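Chain residues, written in single-letter form:
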Amino acid sequence: MTTAATTSSEGVDGSFALSHLDSLESEAVHIFREVAGEFERPVILFSGGKDSIVMLHLALKAFAPAAIPFSLLHVDTGHNFPEVLEYRDRAVARHGLRLHVASVQEYIDRGVLRERPDGTRNPLQTLPLTEKIQAERFDAVFGGGRRDEEKARAKERVFSLRDEFSQWDPRRQRPELWQLYNGRHAPGEHVRVFPLSNWTELDVWQYIAREKIELPEIYYAHEREVFARNGMWLTAGEWGGPKESEPVQTRLIRYRTVGDMSCTGAVDSDATTLDAVIAEIAASRLTERGATRADDKMSEAAMEDRKREGYF
């Protein structure tokens, strides 16, 4: 593993500047190192999705050749895609990392949480996540959220303060002029940190191509049994789909984002290569969450409401 890239290009006036991707990478590496120097018990949220994979890659670069000084945390809904869980476990083993798992199913079995009528468990992640943060005393939690994904995420700073109940208050956002980050927090509070805040979906994919980062095959076009619900192609599973009126069919699809199977939709696609995926995204006019996440369509403020409660 090499250190952060410093590729530069010469301008017409003879000056040198980092390329767009190098600039984003440099910013993210700086954020990881700032957190390592300022906090005692940081952790990286890692689901096996593309954004968390890129985030882990950046963390490895930031501290190479040493090991990263953080463990990983995954909130397992019990309805995750098998391909993504397999990738998660391979990545943990490959890099010799410690993985913490907060299980939604465990909370349901204990009677602390109840299944929703629609079968989705995404809104049920908040309590297992916040209690795991409190139990392990994590004071900084890295997330792969990007401002281009959703309007509530666009409001959030790179360092986002959460109170002792893990709740987010937009009025407590702090200025971050000249990449100066304020990690000050009271006992019991913690900071959510977003190294990919200024990246776009296209940036992420172009960086994946440049760095030759392996992803779960679910991100590339493949044949899969799906059914239509609320304008999306969903994967059949034990979570409650499909209904009798929702016939299952085999289609050539891929996933732009991955989460709970019950609320993450696939898109029709024949993009089987990185170049084809990048071309497809460049031509899209819908954000990945806007096109494929049913949990964000529950209301106009669905994401912001969940963030206020402690969700990412």
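Residues numbered from 1 in each chain as written. Predicted model: local features only at pLDDT ≥ 70, side-chain atom pairs only at ≥ 80, totals over all residues. Heavy atoms only, no water.

As recorded in an unreviewed UniProt entry, the protein chain goes by Sulfate adenylyltransferase subunit 2 and comes from Streptomyces finlayi. Here the protein chain is described in UniProt, under the heading Sequence similarities (unreviewed entry), as follows: "Belongs to the PAPS reductase family. CysD subfamily." (UniProt positions renumbered as here; feature names shortened; annotations may be inferred.)

A. A look at the pattern of salt bridges. Following the criterion strictly, the structure yields 21 salt bridges and no others. One salt bridge in this structure joins E214 and R94, with 3.4 Å as the shortest N-O distance. In this pair, E214 sits in the loop between α7 (201–211) and β9 (222–229) while R94 sits in helix α3 (residues 82–95), placing the two residues 120 residues apart along the sequence. Overall, R94 belongs to the partly exposed group, its relative accessible area being 46%. Of the charged contacts, one joins R110 and E106 as a salt bridge, the two residues approaching to 3.5 Å between their closest N and O atoms. (Salt bridge = Lys/Arg side-chain N within 4 Å of Asp/Glu carboxyl O. Helix = DSSP H or I, 4+ residues; strand = E, 2+ residues; numbered from the N terminus. Buried < 20%, exposed > 50% of the residue type's maximum accessible area, 1.4 Å probe, protein only.)

B. A look at the sheet that holds strand β4 (residues 71–76). Strand order in the open sheet formed by six strands is β5-β4-β3-β6-β8-β7, and the pairing between neighbours is mixed. For this open sheet the edge positions go to β5 (99–103) and β7 (159–162), each flanked by a neighbour on one side alone. On average, adjacent strands in this sheet sit at an angle of 30° to one another, irrespective of strand direction. Strand direction decides the pairing type here: strand β6 (residues 140–142) and strand β8 (residues 190–193), joined by three bridges, are parallel. From the neighbouring strand, A140 faces β8, where its bridge partner is V191. Lying over the sheet, helix α1 (residues 20–38) contacts β3 (42–45), β6, β7 and β8, oriented at roughly 160° with respect to β6. Contacting β3, β4, β5, β6 and β8, helix α5 (residues 126–136) crosses the sheet at an angle of about 135° to β5. (Pairing = 2+ DSSP bridges. Axes fitted to C-alpha atoms, helices over the stretch in contact; angles between N-to-C directions. Contact = heavy atoms within 4.5 Å.)

C. Representation of the sheet that holds strand β10 (residues 232–235). In spatial order, the strands read β10-β9-β11-β12; together these four strands make up an open sheet with antiparallel pairing. Each edge of the open sheet carries a strand with a single partner, namely β10 and β12 (267–268). The pairing of strand β11 (residues 249–254) with β12 spans two bridges and is antiparallel. Considered in β12, the bridge of I253 is made with D268.

D. Quick look at the side chain of S160. Along the polypeptide, S160 turns up in strand β7. Residue S160 is classed as buried on the basis of its relative accessible area, which comes to 0%. At a separation of 2.5 Å, a polar atom in the side chain of S160 contacts the side chain of E156. In this structure, S160 is in contact with W168, Q173, H190, V191, R192 and F194, ignoring residues within four places of it in sequence. (Polar contact = N/O pair within 3.5 Å; in protein donor to acceptor, adjacent residues only side chain to side chain.)

E. Just α5, in detail. By the burial criterion, the buried members of α5 are T126, P128, L129, T130 and I133. R137 sits one or two positions beyond α5 and adopts a positive phi of about 60°.

F. Layout of the packing of aromatic side chains. Under the counting rule described, the total for this entry stands at ten aromatic pairs. Its end group placed over the ring of Y107, R110 keeps NZ or CZ at 4.7 Å from the ring centre. (Phe/Tyr/Trp six-rings, centres within 6.5 Å; stacked < 30°, edge-to-face > 60°. Lys NZ or Arg CZ within 6 Å of the ring centre and 35° of its normal.)

G. Quick look at the environment of Y107. Counting through the fold element by element, Y107 comes out in helix α4 (residues 104–109). The exposure class of Y107 is buried, given its relative accessible area of 8%. Sequence separation between Y107 and L127 is 20 residues; the distance between their C-alpha atoms is 8.7 Å. For Y107, the residues in contact, after removing those within four places along its chain, are V112, L113, L127, P128 and E131.

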